[in-house]
Amino acid sequence: MTRAEEAAPSGRRPSPPLLGPGRFTAELVLAGLLTVLVSLAIQFGVNRLPTLLPGTNVPAALMALAGGVLLVLTFGLLRYAPLQRWPGWLRLAGVWTLLAALPTAVLALRLQTTRFFLGGSSVDNSFRLRYFERMASSAGLNDMNYQGVAPYYPGGWFWLGGRFANLAGLQGWEAYKPYSILWASLSAVLAFVLWSLVVRRRTALLASMATLLAGFVTSGVEEPYAWPTTAWLPPIAVLTWTQLRRRDRAPWWPFVLVAVYLGACAVTYTLHLGFGALLVVLFTVLAGVLAVREGERAGSVVRRLLPRLVLVGALSAVLALVVWAPFILQGGLGEDNAAARFLPSGSAYLPIPFVPDSAFGLLCLAGLVWSVLRARRSPVAFVLLTCAALVYAWFALSTMALAMNTTLLAFRFLATLSVVLAVAGVFGTLELLGYVVRTWRQWRRPVLALAVVLASLGSIALLQDGMRGSLSKVIERAETDYYPSGHTPSRTRDVSDPGAWTGALIRTIDRLGTGEPTDEILLSEHSQVMIFRPYWGFHELTPHYANPLGRYKARSAEVRTWAASTSPDQLWTRMHDGPFEPAPTMLVLRREPDGSLRYTIKYDTFPRKIPVAGDPVTFDPALFDSPRFERRDVGPYTVIALR
């Protein structure tokens, strides 16, 4: 690394990117390729270990050992003097390898007993696995549930995952775990590359480590398609601010990079697009106001800043249209949408991650104190403090949105706030350490050695706290949810659990149907069958994940009309001549003790704590006594094929 690359921006004067466009692009590509190789190699090695059954502490012990060794190695190398004589490219590759290896080893070893990723196949993972299975079954961008409907939830991350599954020869649900672990590593490594644009390498490494550990402490890695843009936000924000503050002829490529980041948000996680765009606009306004206060003419400020803002907005909009154009062209923006009508406690209470009751709380508290004290002199402190303030503003706006019977899903930014404050804590700790070393020069070596020891132990504590705390429940679900075989990872089977019947239901559907999953359209509330096979659904399982173009409420009313039929012929006619095409090819209904067949329609209960409730719809079994219907009983379920 050159001296220019080691020099960090300091003071109030904005600095140019520390890497040129060619060097940055090369590092981004090479770091990404090396990360893929390292992550997949480690996962391959872990999968070769004897598969253990859940219920032991062996995976946790292996994870703690591997994570601890990698953390000690990372911090130890920062003070390893002979390392400075190594070629720069070798040191850089070593950093990439360590950052790629740590999240991969931790997640792969801790989840060694299961083929599921964090969360198993339950709750929100039901949606994620269905979407992944859909993308793996086709190269097009399709809705996870409705046939012939443009997708509503951004499919960029899932589409790439589908291609990963195809290359690996896996079903979507099987590929979800290794692909998610791979992205946890990519998030850390690419965060380091981005931080290298605005701070020196060692600081970039520490900031990336803080980001990675915050992902475990806050469960950010549980949502693998949203975590990357969370991890990359702080360095992108610092780059945006420093370039907007430049009065000279700033290069255009940093603004292209900011636009690409916003475009990535648009095709993976819409909320982050809104937050990032708001942050860019805010920075532009603040930069303009400060420039005028410093004596620059208002007209000159507008002519300098407006083209940069237009470039970012136009390019990010073009990238967003890659996944949003079909939905917009089908008129989806004008349809009713229940996705944001959700108010959990995480959105109701303001987040306070800086309570000093844990190692992570102390780190966040240090970050808050440093960013407040240094905001007037340090661009990095100012940016991180602004990002934190904007999270609280988002919470306020989300509460105000209740007046319009919706929210802004503020709880989704809990990880963002924690990452920002944790990274600020790193900068604050480094500044304090520098002061101590300069003041007591005679104690320089023991102080730095103590700093390495404390950093290593503190990081190990953060890692283990995350695994035993915020991630413990989703790890448990990954180890107890059912495979399509009808057994859990521990090879148990409880016939009272719906998951125990998934395999039998899938086999029955395939026997009664064409055998081609993408030819089947199901009316079923048994989500697992559509997790493990890319069946289409006539009706979404819950209004919050329903595509607005699918007209959830109208379909609910249509199902009630079917149940009210008085004869098999009337039912068949209503199903095929109704307003929604195509009609279901298969029904999977729950059989009640009295012999009636039940399908439960979920409806929105916002703003109650439990966001949905069920409305059972009962079908008389006599409605299917016709050659037009073929029926098979499977445990507590009944599968009915339409002929």
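Residues numbered from 1 in each chain as written. Predicted model: local features only at pLDDT ≥ 70, side-chain atom pairs only at ≥ 80, totals over all residues. Heavy atoms only, no water.

**Q** Tell me about helix 5 (residues 124-137), and name the residues and values.
**A** Over its 14 residues, helix 5 extends 20 Å from the first C-alpha to the last, a length consistent with the 20 Å expected when each residue adds 1.5 Å. Within helix 5, 12 of the 14 residues are buried, which leaves it mostly tucked inside the rest of the structure. The complete set of buried residues in helix 5 reads Asn-125, Ser-126, Phe-127, Arg-128, Leu-129, Arg-130, Tyr-131, Phe-132, Glu-133, Arg-134, Met-135 and Ala-136. The inward-facing, buried residues of helix 5 contact helix 6 (156-168), helix 7 (172-195), helix 20 (528-532) and strand 2 (536-537). (Helix = DSSP H or I, 4+ residues; strand = E, 2+ residues; numbered from the N terminus. Expected span 1.5 Å × (residues − 1). Buried < 20%, exposed > 50% of the residue type's maximum accessible area, 1.4 Å probe, protein only. Contact = heavy atoms within 4.5 Å.)

**Q** Outline the side chain of Thr-240, listing residues and values.
**A** Within the fold, Thr-240 resides in helix 9 (residues 227-244). Judged by relative accessible area, Thr-240 falls into the buried class, the value being 5%. Within polar-contact distance, the side chain of Thr-240 engages the backbone oxygen of Ile-236 at 2.7 Å. Dropping the residues within four chain positions of it, Thr-240 is found in contact with Val-258, Val-280 and Phe-283. (Polar contact = N/O pair within 3.5 Å; in protein donor to acceptor, adjacent residues only side chain to side chain.)

**Q** Just give me the short version of unusual backbone geometry, but keep the residues and values in it.
**A** Excluding glycine, most residues fall at negative phi; most peptide bonds, likewise, are trans. Glu-581 connects to Pro-582 through a cis peptide bond whose omega is -5°. By secondary structure assignment, the location of Pro-582 is in the loop between helix 22 (568-577) and strand 3 (586-591). Residue Pro-607 is bonded to the preceding Phe-606 through a cis peptide linkage, with omega at 10°. Within the secondary structure layout, Pro-607 lies in the loop between strand 4 (597-604) and strand 5 (612-619). Positive phi is not limited to glycine here, since Ser-219 has a value of about 65°. Locating Ser-219 in the fold gives a position in the loop between helix 8 (201-217) and helix 9.

**Q** Can you explain the confidence of the model for the chain? Please cite residues and give values.
**A** The share of residues in the chain with pLDDT of 70 or more is 97%, and the mean pLDDT across the chain is 91. Low pLDDT, under 50, characterises residues 1-12; the predicted model gives this stretch 26 contacts beyond four residues in sequence or across chains. (pLDDT = per-residue confidence, 0-100.)

**Q** Before we move on, could you go through the nonpolar core and cite the residues and values that matter?
**A** Counting residues in each nonpolar core, the largest one holds 199 residues, and the members touching the most others are Phe-619 and Phe-624. Here the element with the most residues in this core is helix 7; it accounts for 17 residues. Excluding anything up to four places from it in sequence, Phe-619 contacts Val-559, Trp-562, Ala-563, Leu-589, Ser-596, Leu-597, Tyr-599 and Phe-624. (Core = buried A, V, L, I, M, F, W, Y, C linked by side-chain atoms within 4.5 Å.)

**Q** Please give an account of a positive patch on the surface that cites residues and values.
**A** Together, Arg-79, Arg-202, Arg-444 and Arg-445 line one region of the surface with positive charge. Tracing the backbone shows Arg-79 in the loop between helix 3 (58-78) and helix 4 (88-110). (Patch = residues over 30% accessible without salt bridge, like charges linked within 9 Å, V, L, I, M, F, W, Y side chains within 5 Å. Areas by Shrake-Rupley, 256 points an atom, 1.4 Å probe, with all protein chains shown as cover. Salt bridge = Lys/Arg side-chain N within 4 Å of Asp/Glu carboxyl O. Lys, Arg positive; Asp, Glu negative; His and termini not counted. Charge placed at Lys NZ, Arg CZ, Asp CG, Glu CD.)

**Q** So, the packing of helix 14 (residues 359-374) against helix 15 (residues 379-400): which residues are in play, and what are the values?
**A** It is at 8 Å that the axes of helix 14 and helix 15 come closest, and there the two elements cross at 120°. On the basis of their axis angle, the class for helix 14 and helix 15 is oblique. The way helix 14 lies across helix 15 gives a crossing that is left-handed. Here Trp-370, Ser-371, Val-372 and Arg-374 of helix 14 come into contact with helix 15, specifically with Val-380, Ala-381, Leu-384 and Leu-385. Classifying every residue of the contact of helix 14 with helix 15 gives six nonpolar, one polar and one charged. (Axes fitted to C-alpha atoms, helices over the stretch in contact; angles between N-to-C directions. Parallel < 35°, antiparallel > 145°, perpendicular 65-115°, else oblique. Left-handed = near helix turned anticlockwise from the far one by under 90°. Nonpolar A, V, L, I, M, F, W, Y, C, P; charged D, E, K, R; others polar.)

**Q** Could you give me a rundown of the packing of helix 5 against helix 7, with the residues and numbers involved?
**A** Relative to each other, helix 5 and helix 7 sit at 110°, their axes nearing to 8 Å. Between helix 5 and helix 7, the angle is such that the two are roughly perpendicular. Residue-level inspection shows Asn-125, Arg-128, Leu-129, Phe-132, Glu-133 and Ala-136 of helix 5 in contact with helix 7, the latter providing Gly-172, Trp-173, Ala-175, Tyr-176 and Tyr-179. Across the contact of helix 5 with helix 7, the residue classes tally to seven nonpolar, two polar and two charged.

**Q** Before we move on, could you go through the packing of aromatic side chains and cite the residues and values that matter?
**A** Going through the model one piece at a time under the given rule, you end up with 42 aromatic pairs. Between Phe-275 and Trp-394, the ring centres sit 5.9 Å apart and the planes meet at 55°, which makes this aromatic pair tilted. Of this pair, Phe-275 sits in helix 11 (residues 270-293) while Trp-394 sits in helix 15, and the two are 119 residues apart along the sequence. One cation-aromatic arrangement involves Arg-163 over Trp-159; the distance from NZ or CZ to the ring centre is 5.0 Å. Residue placement shows Arg-628 over the ring face of Trp-572; its charged tip is 4.3 Å from the ring centre. (Phe/Tyr/Trp six-rings, centres within 6.5 Å; stacked < 30°, edge-to-face > 60°. Lys NZ or Arg CZ within 6 Å of the ring centre and 35° of its normal.)

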